Amino acid sequence: MTANASAPETNVIATTMSDYVAEHPRLKYLFFGGKGGVGKTVMAGATALWSAVAGRRTLLASTNPVHSLSGLLDQDVFGRQVAVAGVPNLFAYEIDTRETIERSKREIRDKIQWFLKFAEVSTKADEFVESATMNPAFEESAMFENMIDLMFKDEYEVYVFDTAPTANARRLLGMSKVYGLWVNKMMKSREEAQGLRQLLSFTKKKEADPLMEYLIEFRGRIEHARELLTDEQRTAFFFVTLPEALPIAVIARFINWFHEFGIPVGGVLVNMRIDRSVVGADTAEFVRNRLAMQDEHMATIWEKFDGQVRAVVPLFEDEVRGTAMLRRLADALFLPETGALGTGRERVP
Ligand SMILES: Nc1ncnc2c1ncn2[C@@H]1O[C@H](COP(=O)(O)OP(=O)(O)OP(=O)(O)O)[C@@H](O)[C@H]1O
Ligand SMILES: [Mg+2]
């Protein structure tokens, strides 16, 4: 069944957001992706708040260089993990992008310097470091590494990541096979070289090999990250869209990629749906037109994402800011009364 302009929403959500969470009791890493401005930050915030209110120690983390968590929460959470005022169990953290990138550069510099010394090449490391780090892909991957580190530290029961590094996760997982092969090959030739060295040296003492250690560690990290990110009991990516053509096209593409790489898709969250119960004949024409436009796109959404829609969240009369408003959004997301439009009970347990 599809909705049309004159009929009320008749589609029923088979598996709601609450159903999904209940069916995945070990869910630990939640990501929110989607086109710019569709509500990824507020959905991540509401989900983290929901999880914390349910008694789980939860971290809401942002990897977006243009942060918005401090604004959302009316609290400075930049560069450190901060307890959110008024919400027990909830912590928020805007990762310091600059600091992360600088630290990654230092690490790379050390490795390159060590390698040049090892290979007895008398070139300054700086040129290599510059060319290796002066590109957006490096910054992205530094942020991704930082996110992975947070996950590995395992200090929270639930992690909610605002601004899923969608393209990055996909790239990393696509690359993990290639990385694996490459690292194995590198290790093999390192082992051969080591063997030869030992054979030629008088002392039979095994030399420490930092490069080898690094390769082994790196391979382990990638493998571990891949395990976590593809485990559908623990990880879910949620895609936020508006009932509009472009955001729908964007997430349709993401979902296809994710299926290809075996990354678990939690579902689709539709945001800013106009509540038809407040739209009448005397409502401004542009609002009525907009509602009709949304109706058409909703029909596409039900069809395209059949069985994957987890919530339809209404457009509120005001922006979503502060924990009181987040609670309202969490209600719409997790407690929709009808499963059709988030006009449900306005409460959080
Ligand atoms: N259901 C809603 N009703 C009213 N306002 C909303 C709703 N959802 C989000 N907003 C507002 O829309 C704006 C964009 O939301 P948000 O910042 O979460 O989007 P985003 O996808 O994270 O954007 P970006 O891509 O820039 O990170 C914010 O001002 C937010 O308060
Ligand atoms: Mg955002």
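Nothing here was measured: the structure is a model prediction, and the numbers come from that model.

A description of the sheet that holds strand β7 (residues 265–273) should follow, citing residues and the corresponding values.
Across the sheet, 8 strands lie side by side as β3-β4-β2-β5-β1-β6-β7-β8; this open sheet has mixed pairing. In this open sheet, the two strands that pair with only one neighbour each are β3 (82–83) and β8 (309–314). Here β7 runs beside β8; their pairing, made up of 4 bridges, is parallel. Its bridge partner being in β8, L269 is matched across the sheet by A311.

An account of the nonpolar core is needed here, citing residue identities and associated values.
Grouped together as the largest cluster of nonpolar side chains are 71 residues, with contacts concentrated most on F238 and L333. Looking at this core element by element, the count peaks at 8 residues for helix α2 (residues 40–53). In contact with F238, other than residues within four places in its own chain, are L30, F31, F32, M43, G266, G267 and L269.

Could you give an account of the site of ligand 1, with specific residues and numbers?
In the vicinity of ligand 1 lie 18 residues, with G36, K40, T41, F316 and E319 positioned nearest. For the shell around ligand 1, the element with the most residues is α2, which contributes 3 residues. When its residues are assigned to classes, the shell around ligand 1 shows 7 nonpolar, 8 polar and 3 charged.

Lay out the pairing of strand β2 (residues 58–62) in plain terms, naming residues and giving numbers.
A large share of β2 lies buried, amounting to 5 of its 5 residues. Residues T58, L60 and S62 point to one face of β2 and L59 and A61 to the other, with burial holding for every one of them. Where β2 meets strand β5 (residues 158–162), 5 bridges bridge the pair, whose relative direction is parallel. What sits directly across from T58, in β5, is V158.

Any chance you could break down the environment of E139 for me, citing the residues and the numbers?
Following the sequence through the fold, E139 ends up in helix α6 (residues 136–153). Judged by the 17 C-beta atoms lying within 10 Å of it, E139 falls in the partly exposed class. For the pair E139 and I101, spaced 38 residues apart in sequence, the C-alpha to C-alpha distance is 6.1 Å.

Calculation criteria
- Residues numbered from 1 in each chain as written.
- Chains lettered and ligands numbered in written order.
- Predicted model: local features only at pLDDT ≥ 70, side-chain atom pairs only at ≥ 80, totals over all residues.
- Pairing = 2+ DSSP bridges.
- Helix = DSSP H or I, 4+ residues; strand = E, 2+ residues; numbered from the N terminus.
- Core = buried A, V, L, I, M, F, W, Y, C linked by C-beta atoms within 7 Å.
- Buried ≥ 20, exposed ≤ 12 C-beta atoms within 10 Å, placed from the backbone.
- Contact = placed C-beta atoms within 7 Å.
- Near = placed C-beta within 6 Å.
- Nonpolar A, V, L, I, M, F, W, Y, C, P; charged D, E, K, R; others polar.

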